[in-house]
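Close look at the chain arrangement
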Amino acid sequence: MAMFAAPGAYDRAITVFSPDGRLFQVEYALETVRRGSTVLGIACNEGVVFAAEEKVTSKLQDPSFSWKIFQIDEHAAAAIAGLSSDARILIDQARIQAQSNKLTYDEPIDVESLSKRIGDIKQMYTQHAGVRPFGVSMVLGGVDKAGSRIFVTDPSGAYWGYKATAIGAGSETVKELLEAEYKTGLRLEEAIILALNCMTKVIEGNKIDPQKVKIAIIPSETAKFKRLSDEEVAGYIALYDQKKAQPK
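Residues numbered from 1 in each chain as written. Predicted model: local features only at pLDDT ≥ 70, side-chain atom pairs only at ≥ 80, totals over all residues. Heavy atoms only, no water.

By size, the foremost hydrophobic cluster in this structure holds 30 residues, and its most contacted members are Leu40, Ile42, Val49, Leu196, Ile208, Val213 and Ile215. Counting only elements with at least two residues in this core, the list comes to β1 (39-44), β2 (47-53), β8 (164-167), α4 (171-181), α5 (188-200), β9 (213-219) and α6 (230-245). Ignoring any residue separated from it by four or fewer positions in sequence, one finds Val213 in contact with Ala52, Leu196, Met199, Ile203, Ile208 and Val233. (Core = buried A, V, L, I, M, F, W, Y, C linked by side-chain atoms within 4.5 Å. Buried < 20%, exposed > 50% of the residue type's maximum accessible area, 1.4 Å probe, protein only. Helix = DSSP H or I, 4+ residues; strand = E, 2+ residues; numbered from the N terminus. Contact = heavy atoms within 4.5 Å.)

A few words now on the sheet that holds β1. One open sheet holds the five strands; their spatial order is β8-β1-β2-β9-β10, and the pairing between them is antiparallel. In this open sheet, the two edge strands, each paired with only one partner strand, are β8 and β10 (226-227). Pairing of β1 with β8 involves four bridges; the strand directions are antiparallel. Within the sheet, the bridge partner assigned to Gly41 lies in β8 and is Thr165. (Pairing = 2+ DSSP bridges.)

Read from one edge of the open sheet, five strands run β3-β4-β5-β6-β7, paired in antiparallel fashion. Each edge of the open sheet is held by one strand with a lone partner, namely β3 (69-73) and β7 (159-162). Looking at each pair of strands side by side, their axes are set apart by 25° on average, direction ignored. Seen against the sheet, helix α2 (residues 84-105) touches β3, β4 (76-82) and β5 (136-144) and runs at an angle of roughly 20° to β3. (Axes fitted to C-alpha atoms, helices over the stretch in contact; angles between N-to-C directions.)

Taken as a whole, this structure holds four aromatic pairs when the rule is applied. Centroid distance Trp67 to Phe70: 6.5 Å. Interplanar angle 80°. Geometry classified as edge-to-face. Where Phe151 meets Tyr159, the ring centres are 6.2 Å apart and the plane angle is 55°; that geometry is what we call tilted. On the basis of relative accessible area, Phe151 is assigned to the buried category, the value being 6%. Classification of Tyr159 by relative accessible area gives partly exposed; the value is 28%. (Phe/Tyr/Trp six-rings, centres within 6.5 Å; stacked < 30°, edge-to-face > 60°.)

Okay, the packing of α4 against α5 next. Packing of α4 against α5 leaves a shortest axis separation of 9 Å and a crossing angle of 145°. In the crossing of α4 with α5, the sense of the turn from one axis to the other is right-handed. For the pair α4 and α5, contact is made by Val174, Leu177, Leu178 and Glu181 and by Leu194, Asn197 and Cys198, respectively. Its residues placed into classes, the contact of α4 with α5 shows five nonpolar, one polar and one charged. (Left-handed = near helix turned anticlockwise from the far one by under 90°. Nonpolar A, V, L, I, M, F, W, Y, C, P; charged D, E, K, R; others polar.)

Quick look at the environment of Val16 now. Mapped onto the elements, Val16 comes out in the segment before α1 (24-34). With relative accessibility at 25%, the residue Val16 sits in the partly exposed group. Each C-alpha atom, one on Val16 and one on Gln127, is 8.7 Å from the other, the two residues being 111 residues apart in sequence.

On their own, these measurements won't tell you what the molecule is for.
As structure tokens, this is what we get:
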């Protein structure tokens, strides 16, 4: 007996293509990402910068558990948009892969190899019955033998390399600004200021503070992940405001 999906039922299983070659469940997962908080990654000669919009849904919520940026290894991290529960599983897999590589080859994992491994896991969940795609995209970045690098994986399992990019609800606005403002020779401090400038365009009220935006960096000099404290973020916000106030 031939197995065919009923007309109009192509979105009921991830293993069935629509007549125009689409996997609707994967597209629905992408829509989850588009509704997520805005996160971005910027790579420059001096390192990698991650920035994430943080939304605390209740005054009673502990803000230290509202994570969008995760450390994977000393030299690598990820920022996520979409379902945090799905992201947690993939972050654990990324950490296992990083540690396995270090134990096997006695060196840190390449950021591209890490991105490919996460993409492989996501892809498996687009072709097996009884499962659903991961509803999360990830900006993976770090400093390896090739320098500062940024990659993005989406729910389909595809991954791409970028100099700077964003995912989430405000990603299109941020990408337009990054395309206009990004320069290859950016210093790390300038990349942080650019990240804050991008966040002002998507955060409600266009007013940023350390409770609304979180920043992490991986400097090329140390190749070690560092999550900036609220005080450090406040210092960069003051520097951003000072630069913005200067006449052009």
